[in-house]
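Coordinates in review
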Amino acid sequence: MVPLSWYLILSAALFAIGAVGVFVKNNIISTLLCLELMLNAANLAFVAFSIFQGTIEGQLFVILVMAVAAAEAGVGLAIVIALFRNRETLDVDESSLLKL
Amino acid sequence: MPPFEQLLEWSVKIAVGFIILMTMVAYLSLIERRLLAFIQMRYGPNRVGPFGLFQPIADGLKFIFKEDLIPLDADKFLYVMAPALSLVPALMTFTLIPVGGEVTLPLLDRPIALHITSINVGILAVLAMTGMGVHGIVLAGYASNNKYSLLGGLRSSAQLVSYELAMSLSIIGVLIQAGSLDLVTIVERQGGGWGLGWHVFWFQPLGFFVFLVSMIAETNRAPFDLPEAESELVAGFHTEYSSMKFAMFFIAEYANMVTAAAMATTLFLGGWQGPGVTRWPWLGPVYFLLKVAFFLFLYVWLRASSPRLRYDQLMDFGWKFLLPLALVNVVLSATLALWF
Amino acid sequence: MTFQQLLFIGFAALVLGGGIAVVLLRNPLYGAFALITSFVGLSALYVMMGAQFIGAAQIVVYAGAIMMLFVFVIMLLNVRADEERPPRHRFLVWLAAPLALLLSAGLWLAVAGVQGDRAPSGEAGTVERVGKNLMTRYLLPFELTSVLILLAVVGALHLAKREKE
């Protein structure tokens, strides 16, 4: 049997990788991808706790997180398209000004 | 049951299912060409073997001996990955579809169920696999580095996402009625009543219509074959592909057709249910094949007789007509489920 | 080492490898597909734990819908590869790795001692169980998510709409 701590360690490692990605990547789409990675790390911990505690709430929370992730991706990518239309770049460093 | 025996059973079932699916795909291409020819009042391929029956073998050999081209500017890794990504999910889906009830084989002492596996989340898993198949097409469009391919891939992704929504929603009515996501249970619930228990008659006709239309769109077939519209996009996402890589896309498309037909049969036409199937369980696969053949005929018939939609018409139809219709069906099914 | 633990290690390698590839690869499309690989591994882990519904939803929602959206946008904008980061920000890359290790170690310490008191069973996350709870006791959050999605749809439409001159 796989112990709970294995799942949690995997979740921690995945979260750290996602966090590094958010810091390191300068392409806004890649940043969003890394954000998804962090959300999934949290999901893994939720499901693992839910299963090993014998409760259902963790899994329900994961469903809500998925809905939020879908909303986030939709709005985020709409912003990306608007950004690209205005500035012709996806580099987050180039888009640090509020006005053109 | 000892694990070894279980593994053996799975392997045999998978092998048999794979062979049958491949044969169906091969002969579907022949039947399609012959039927199209019949409808258009010409002969079609009839030279290789009696009635052209060996044509698929000749086609297969031809594919193998063609030169395998990779465009110079293509993204090599993704270009090679794309056909595999599109073929594998198409084949995987069939593991969940029950083609018959339980039958007894001569040498075995226990009944064998005629489905490879049955899981709690059956339909969701099927939707997941068909959803993964889209990536192969999109990837092919991007990796070819060709404007026609890119446009085909873009169209394909938009179309498949739009129609997947309507398709998933049209299934919800069936789920409400059957009370299960497991495909085996769904088929068993549709038995009895001389076929009136089939979901297509017993208050899911609207869902059936939405599913039928969106399933044709999901498999990229006429009149929704925008991703490979030859009059404007050469051949769409597989313009640059040749030889076995093209054959893999071809097989994936036809396997998807068979899968979609099998799904429609399972969900709405009672699967393997039919008269006398409780006494002679081997009739189950026969009924199942007949029903699947009906849908496959419909595919070819539609291709022969309907013009291709324009792109904006396609999107309008999906979002403004099918999706609301599917939502209405969900509400109707839920309301009716309260009474019956 | 049991068979299940071997499976776990295999899928965990898939998840972590996909995750690392997302960070390392410069082409966002490659990143997106690395992420899909990672999601497939996660889904397998959920199914292993017995959370079948979440496992299927993971593929349908994440690998199918959300990643499709990403791939669509990447193709629409025809992004080929990231540009090099300007020199004034390059030190951030070197700062990130130690910070990540620190974060990882901190999280590790926090969770390494946790013990679960139930063994996972195949019935833990069936559709029936998830559905019943979601539709009765936790109906309000569920309904609120639908409002959120509606807001997101309207917002995304407004943001991505081409303004008329």
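In this text the structure is predicted, and so the values were computed from the model without any measurement. Within each chain, residue numbers correspond to sequence positions counted from 1 in written order. Naming scheme: in the order in which they are written, chains are lettered from A and ligands are numbered from 1. Local features in this predicted model are restricted to residues of pLDDT 70 or higher, and side-chain atom pairs are both shown and tallied only at a pLDDT of 80 or more, whereas totals for entire chains, interfaces and linings draw on every residue.

Take the overall build of chain C next. Along the backbone of chain C there are six helices and zero strands. Along its sequence from the N terminus, chain C presents helices and strands in the succession α-α-α-α-α-α. Each of the 165 residues in chain C was classed as buried or not, and the buried ones make up 35%. Note on contacts: residues are paired as contacts if their backbone-placed C-beta atoms lie within 7 Å. Of the contacts formed within chain C by residues at least 6 apart in sequence, a portion of 60% connects residues at least 24 apart. The secondary structure listing takes helices from DSSP runs of H or I that are at least 4 residues long and strands from runs of E that are at least 2 residues long, numbered from the N terminus. Remark: C-beta atoms are placed from the backbone, and a residue is labelled buried if 20 or more other C-beta atoms sit within 10 Å of its own, exposed if 12 or fewer do, or partly exposed between those counts.

Helix and strand content of chain B: eleven helices and two strands. Moving toward the C terminus, one meets the helices and strands of chain B in the order α-α-α-β-β-α-α-α-α-α-α-α-α. Over its C-alpha trace chain B gives a radius of gyration of 21 Å, about what one expects of a compact globule, namely 20 Å for 340 residues. Along the first, second and third principal axes, the C-alpha atoms of chain B reach 60 × 50 × 45 Å. Counting every position in chain B, which comprises 340 residues, the buried fraction comes to 45%. In chain B, once contacts between residues fewer than 6 apart in sequence are set aside, the share between residues at least 24 apart is 76%. Radius of gyration means the value over C-alpha atoms here, while the globule rule gives 2.2 Å times the residue count to the 0.38 power.

On the side of chain B, 20 residues touch chain C, which itself brings 17 residues to the contact. For the side of chain C that touches chain B, the elements supplying multiple residues, two or more each, are helix H2 (28–49) and helix H3 (52–77) of chain C. With 13 residues, H3(C) is the single largest residue contributor to the side of chain C that touches chain B. Here the side of chain C that touches chain B is composed, by residue class, of 14 nonpolar, three polar and no charged. The residue classification treats Ala, Val, Leu, Ile, Met, Phe, Trp, Tyr, Cys and Pro as nonpolar and Asp, Glu, Lys and Arg as charged. All others, Gly included, are polar.

A few words now on helix H3 (residues 76–92) of chain B. Residue and element names in this part refer to chain B. The terminal C-alpha atoms of H3, which comprises 17 residues, lie 25 Å apart, in line with the 24 Å expected from a rise of 1.5 Å per residue. One axis fitted to the seven residues ending at a residue, another fitted to the seven starting there: the angle between these axes is the bend at that residue. Along its length, H3 shows its largest kink, about 25 degrees, at Ala82, and proline Pro83 lies within four residues downstream of that point. Buried positions along H3 lie against helix H1 (3–39), helix H4 (122–143) and helix H9 (243–268). Here a helix's expected span is defined as the number of its residues, less one, multiplied by 1.5 Å.

Attention shifts here to helix H3 (residues 57–87) of chain A. Here H3(A) is 31 residues long and its end C-alpha atoms lie 44 Å apart, about the 45 Å a rise of 1.5 Å per residue gives. A positive phi of about 60 degrees marks Glu88(A), the residue just after H3(A).

The extent of an interface is frequently quoted as the accessible surface area lost upon association of the parts. Listed per partner, the contact involves 61 residues of chain A and 74 residues of chain C. Contributions of two or more residues to the side of chain A that touches chain C are made by helix H1 (4–24), helix H2 (28–53) and H3 of chain A. Among the elements that line the side of chain A that touches chain C, the one with the most residues is H3(A), at 21 residues. Considering only residue class, the side of chain A that touches chain C consists of 47 nonpolar, eleven polar and three charged.

If you look at the biggest cluster of nonpolar residues, it comprises 174 residues, and the most contacted ones within it are Ala48(A), Val258(B) and Phe70(C). Tallying contributions element by element places H3(C) first for this core, with 17 residues. A domain assignment, automatic or from a database, supplies the domain bounds used here. When residues of this core are sorted by domain, at least three fall in each of domain 1 (1–80) and domain 2 (126–165) of chain C. With residues up to four places along the chain from it excluded, the contact list for Ala48(A) reads Leu4(A), Tyr7(A), Leu8(A), Ser11(A) and Met49(C). Joined through C-beta atoms within 7 Å, a set of buried Ala, Val, Leu, Ile, Met, Phe, Trp, Tyr and Cys residues constitutes a nonpolar core.

What the domain assignment lists for chain C is domain 1 (1–80) and domain 2 (126–165). The centre of domain 1 of chain C, based on its C-alpha atoms, is set 23 Å off from the matching centre of domain 2 of chain C.

For Tyr27(B), the location among the structural elements is in helix H1. Remark: the alpha-carbon pair of Tyr27(B) and Phe203(B), spanning 176 residues in sequence, is separated by 35 Å.

Attention now goes to the confidence of the model for chain C. Residue and element names in this part refer to chain C. Scored from 0 to 100, pLDDT reflects the predictor's confidence in each residue. Scored by pLDDT, chain C has a mean of 81; 85% of the residues are at 70 or more. Mean pLDDT in chain C bottoms out at helix H4 (residues 91–112), which sits at 77, and peaks at helix H6 (residues 139–160), which reaches 89. With pTM at 0.86, the complex prediction returns an ipTM value of 0.87.

On to the arrangement of the chains, then. With two pairs of chains in contact, the largest contact count belongs to chains A and C. Across the gap from chain A to chain B, with no contact made, the nearest C-alpha atoms are 13 Å apart.

The next point concerns the packing of H2(A) against H2(C). Axis angles are defined between N-to-C directions and span 0 to 180 degrees, where every axis is a line fitted to C-alpha atoms and, for a helix, only to the segment in contact. With their axes 11 Å apart at the nearest point, H2(A) and H2(C) run at an angle of 5 degrees to one another. In terms of their interaxial angle, H2(A) and H2(C) are classed as roughly parallel. Contacts from Ile29(A), Ser30(A), Leu33(A), Glu36(A), Leu37(A), Asn40(A), Leu44(A), Val47(A), Ala48(A) and Ile51(A) in H2(A) reach Pro28(C), Gly31(C), Ala32(C), Leu35(C), Ser38(C), Phe39(C), Leu42(C), Leu45(C), Tyr46(C) and Met49(C) in H2(C). Taken together, the residues of the contact of H2(A) with H2(C) break down into 15 nonpolar, four polar and one charged. Note on terminology: angles under 35 degrees are roughly parallel, angles over 145 are roughly antiparallel, angles of 65 to 115 are roughly perpendicular, and the others are oblique.

Moving on, we get to the packing of H3(A) against H6(C). Relative to each other, H3(A) and H6(C) sit at 10 degrees, their axes nearing to 8 Å. One element, H3(A), and the other, H6(C), form an angle in the roughly parallel class. When H3(A) is examined against H6(C), the residues Leu64(A), Ala67(A), Val68(A), Ala70(A), Ala71(A), Gly74(A), Val75(A), Ala78(A), Ile79(A), Ile81(A) and Ala82(A) are found in contact with a partner set consisting of Pro141(C), Thr145(C), Leu148(C), Ile149(C), Ala152(C), Val153(C), Gly155(C), Ala156(C), Leu159(C) and Ala160(C). Across the contact of H3(A) with H6(C), the residue classes tally to 18 nonpolar, three polar and no charged.

Residues and elements named next belong to chain B. Notably, Met41 is not glycine yet its phi reads approximately 55 degrees, a positive angle. Along the chain, the position of Met41 falls in the loop between H1 and helix H2 (55–65). Overall, Met41 belongs to the exposed group, with 6 C-beta atoms counted inside 10 Å.

Next up on the list: the environment of Ile79(A). Here Ile79(A) lies in helix H3. Separated by 33 residues in the primary sequence, Ile79(A) and Phe46(A) place their C-alpha atoms 29 Å from one another.

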